[in-house]
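The residues making up each chain are set out below.
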Amino acid sequence: MYFAIIATDELGSLPQRLAHRAAHRARLDELAAAKRLITAGPLPHAHHQTTENLSFSGSLIIADFADLAAAQAWANADPYVMHGVYKSVSVQPYLATYWGEPVT
């Protein structure tokens, strides 16, 4: 089943985000290699960012997990959780749709 992992960043966490990005991305790469990752990415504060105004409000990850407990455990083990980038993480079931029709 698909789950949406919606994380909210701590204010001022960009240095920690950048420091732990490689480890965070490596876990996403593992999901992608297993063909379990639908999408993942940061949620920027601004539509057009430059290196001078780079900041994020959080992240969104949609991936396939056996159940809610597995998705929550995966989210809890993320380097961004363990190093204070995220102040909160919500894990919710997600029904993938395309043009209004469920993906099967």
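Everything numeric here is computed off the predicted structure, so don't read it as measured data.

Below, the discussion takes up the layout of surface pockets. If you add up the space inside the largest pocket, you get close to 260 Å³. Put simply, the parts of the chain that give the lining of the largest pocket at least two residues each are α1 (14-19), α2 (21-33), β2 (37-44) and β3 (56-64). With 5 residues, α2 is the single largest residue contributor to the lining of the largest pocket. Within the lining of the largest pocket, the residues separate by chemical class into 10 nonpolar, 3 polar and 4 charged.

A general feature of soluble globular proteins is that nonpolar side chains tend to end up buried together. Judged by nonpolar contacts, F3, I5, L28, L31, I61, A63, F65, A71, W74, A75 and V91 together constitute the single largest core of 11 residues. Here the element with the most residues in this core is helix α3 (residues 68-76); it accounts for 3 residues. Setting aside its immediate chain neighbours within four residues, L31 contacts R36, L37, A63, F65 and W74.

How each quantity is defined
- Residues numbered from 1 in each chain as written.
- Predicted model: local features only at pLDDT ≥ 70, side-chain atom pairs only at ≥ 80, totals over all residues.
- Heavy atoms only, no water.
- 1 Å grid on protein atoms, 1.4 Å probe; cavity = no way out; pocket = protein on both sides within 12 Å on 5 of 7 lines; lining within 4 Å.
- Points joined across faces, edges and corners; volume = space filled by probe spheres on them.
- Helix = DSSP H or I, 4+ residues; strand = E, 2+ residues; numbered from the N terminus.
- Nonpolar A, V, L, I, M, F, W, Y, C, P; charged D, E, K, R; others polar.
- Core = buried A, V, L, I, M, F, W, Y, C linked by side-chain atoms within 4.5 Å.
- Buried < 20%, exposed > 50% of the residue type's maximum accessible area, 1.4 Å probe, protein only.
- Contact = heavy atoms within 4.5 Å.

Worth remembering: the numbers are spatial, not functional.
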